[in-house]
Amino acid sequence: IGTGVSILRVDGPRKHERISGSTIGGGTYWGLCRLLTGSDSFSDVLDLAMKGDPSKVDMMVGDIYGKNSDALEKIGLPSDIVASSFGKLAAKQNPSE
């Protein structure tokens, strides 16, 4: 588990450079999981994730454009791709429900 994510520009074989990055990565995920679930192992967190339904908390592309949108069909984008992680929680009055 790392601590961030690099953003790379790739122009071809052996032609790449790191142009930016994010501090949000595996370490952030693991820290939040420990805080919110009390899990002591990463495998426990993965087991919990397998039992969950991300569409209840993540805003999906279909939530924005509609599940059977012509626009999505034209560009070949599935409606069940995450558009905003935890995006649905921002609009809920009580996000823990």
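Note that the structure is predicted; figures quoted are calculated from it, not measured.

### Structural notes on the packing of aromatic side chains
Working step 1: Under the criterion given, the structure shown has 2 aromatic pairs.
Working step 2: Both rings, one in Tyr29 and one in Phe42, keep their centres 6.2 Å apart while their planes meet at 80°; by these two values the pair is edge-to-face. Residue Tyr29 is found in helix α1 (residues 26-37), and its partner Phe42 is found in helix α2 (residues 42-51); the two are separated by 13 residues along the sequence.
Working step 3: Overall, the relative accessible area of 37% leaves Tyr29 in the partly exposed class.
Working step 4: Pairing Trp30 with Phe42 gives two aromatic rings, centres 5.8 Å apart and planes at 75°, and the pair type is edge-to-face. Here Phe42 lies in helix α2 and Trp30 lies in helix α1, a separation of 12 residues in the sequence.

### Side note on the pattern of salt bridges
Working step 1: All chains considered together, the criterion is met by 3 salt bridges.
Working step 2: With its nearest N and O atoms 3.1 Å apart, the salt bridge here joins Arg9 to Asp11.
Working step 3: According to the relative accessible area criterion, Arg9 is partly exposed, its value standing at 43%.
Working step 4: Taking the shortest distance from any N to any O, the salt bridge between Lys88 and Asp63 comes out at 3.2 Å. On the criterion of sequence distance, the pair formed by Lys88 in helix α5 (residues 87-91) and Asp63 in helix α3 (residues 61-65) is long-range, its members being 25 residues apart.
Working step 5: Where salt bridges share partners, they join Asp63, Lys67 and Lys88 into one cluster.

Here is what the cut-offs are and how they apply
- Residues numbered from 1 in each chain as written.
- Predicted model: local features only at pLDDT ≥ 70, side-chain atom pairs only at ≥ 80, totals over all residues.
- Heavy atoms only, no water.
- Phe/Tyr/Trp six-rings, centres within 6.5 Å; stacked < 30°, edge-to-face > 60°.
- Helix = DSSP H or I, 4+ residues; strand = E, 2+ residues; numbered from the N terminus.
- Buried < 20%, exposed > 50% of the residue type's maximum accessible area, 1.4 Å probe, protein only.
- Salt bridge = Lys/Arg side-chain N within 4 Å of Asp/Glu carboxyl O.

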